[in-house]
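# Structural characterization, general
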Amino acid sequence: MTVRVAVTGATGRMGEEVLAAATDRDDVAVAFAVSRSAGGSVEGVAVEDAADLPTLLTDETPDVLVDFTGPASCVEYAAACAEAGVAFVSGTTGLSQGGFDSLREAAEDVPVLYASNFSRGIAALRRAVREAVPALDGYDIELTETHHNAKRDAPSGTALTLLEDIDDVRGDSPRVHGREGEAPRTESEIGVHARRAGDIAGEHEVLLAGNHESLSLTHRAGSRGVFAAGALDAAAWLSGRDAGWYDFTEVLE
Ligand SMILES: NC(=O)c1ccc[n+]([C@@H]2O[C@H](COP(=O)([O-])OP(=O)(O)OC[C@H]3O[C@@H](n4cnc5c(N)ncnc54)[C@H](O)[C@@H]3O)[C@@H](O)[C@H]2O)c1
Ligand SMILES: O=C(O)C1=N[C@H](C(=O)O)CCC1
């Protein structure tokens, strides 16, 4: 079965990547693509005005909408999907708690799958972190993420997810974002470091150190293609499911 996807943020880095990835697959077809800057085409798909999204959802009846945009539009598009009965996949980061609450509200009406990172390697890193942290009780933890120089939010959504994973397995820890001046480390804190440089697609390192040894768990995305492929895998998996909140790990099971 071919799942018909609508793509938002079509002229953005990820939107373009999703449209490119879709052309190589048989299990998905692009129903339409929208952007704030409408006009022209990406990967042979005409780019419509994002302001027309509610009408397009009703007229073109896609199965799933795939969203990589910004926090405000993500919430707006999730509500439009809930209204139109279209499943919603989003990897947009930088959402506030209120933003996530709005997505969960949409999940009462349609299937919603949100992931701060759609790479399989990050899913494996999360499992490794959940295992390593309790095994290395009392070790200091530092988390470093590195992304391209146009990224807006910091720390990355993936870093926040990894911090939640660590809190889940060893209890809540204070976070120290960077260090400057007289700033000795406290025992339980997690140092968090965000670097922005060049066109780096995404790197995350969780460093555990103690007992005269250190363990560094690192993931590097070689290109944005891994995120686009994961998001389309999620869209194909989500289509036809019941309304509710879904996780990317379920797609990989
Ligand atoms: N979950 C993942 O695997 C993953 C991977 C890569 C990027 N991301 C996230 O995806 C998002 C987009 O990243 P990008 O590099 O493509 O950014 P980008 O700036 O290149 O593209 C964003 C697109 O969304 C549009 N947009 C932004 N705010 C909007 C608004 N309020 N209304 C309508 N359109 C809006 C922009 O016009 C642009 O076309 C970011 O939040 C980023 O962190 C997530
Ligand atoms: O390029 C980005 O922006 C990325 N954002 C996600 C995040 O914030 O974790 C995933 C990696 C790429």
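- Going by the annotation in an unreviewed UniProt entry, the name recorded for the protein chain is 4-hydroxy-tetrahydrodipicolinate reductase, with Haloferax profundi given as the source organism.
- The record in UniProt for the protein chain states the following under Subunit (unreviewed entry): "Homotetramer."
- The annotation that UniProt attaches to the protein chain under Subcellular location (unreviewed entry) is "Cytoplasm".

### Things to note about the UniProt feature "binding site: NADP(+)" (unreviewed entry) in the protein chain
- Per the UniProt record, "binding site: NADP(+)" (unreviewed entry) is found at Arg36.
- By the element assignment, Arg36 lies in the loop between strand S2 (28-35) and strand S3 (41-42).
- Note on Arg36: 16 C-beta atoms within 10 Å, which makes it partly exposed.

### A word on the site of ligand 1
- Around ligand 1 sit 25 residues in total, of which Gly9, Gly12, Gly70, Ser73 and Gly91 are the nearest.
- Taken together, the elements giving at least two residues each to the shell around ligand 1 come down to helix H1 (13-23) and helix H3 (71-84).
- Looking at which element gives the most residues to the shell around ligand 1, the answer is H1, with three residues.
- A breakdown of the residues in the shell around ligand 1 according to their chemical character gives seven nonpolar, 15 polar and three charged.

### Details of unusual backbone geometry
- Cis peptide bonds are those with omega within 30 degrees of zero, and the linkage from Ala154 to Pro155 qualifies with -5 degrees.
- In the Ramachandran plot, His212 falls in the positive-phi region, its phi being about 60 degrees despite a non-glycine side chain.
- By secondary structure assignment, the location of His212 is in the loop between strand S11 (203-210) and strand S12 (213-220).

### Topic: the UniProt feature "domain: Dihydrodipicolinate reductase C-terminal" (unreviewed entry) in the protein chain
- UniProt annotation of "domain: Dihydrodipicolinate reductase C-terminal" (unreviewed entry) refers to residues 121-252 when read in the numbering used here.
- Here residues 121-252 runs as 36% helix and 28% strand, with 11 Å between its end C-alpha atoms.

Here is what the cut-offs are and how they apply
- Residues numbered from 1 in each chain as written.
- Chains lettered and ligands numbered in written order.
- Predicted model: local features only at pLDDT ≥ 70, side-chain atom pairs only at ≥ 80, totals over all residues.
- UniProt positions renumbered as here; feature names shortened; annotations may be inferred.
- Helix = DSSP H or I, 4+ residues; strand = E, 2+ residues; numbered from the N terminus.
- Buried ≥ 20, exposed ≤ 12 C-beta atoms within 10 Å, placed from the backbone.
- Near = placed C-beta within 6 Å.
- Nonpolar A, V, L, I, M, F, W, Y, C, P; charged D, E, K, R; others polar.

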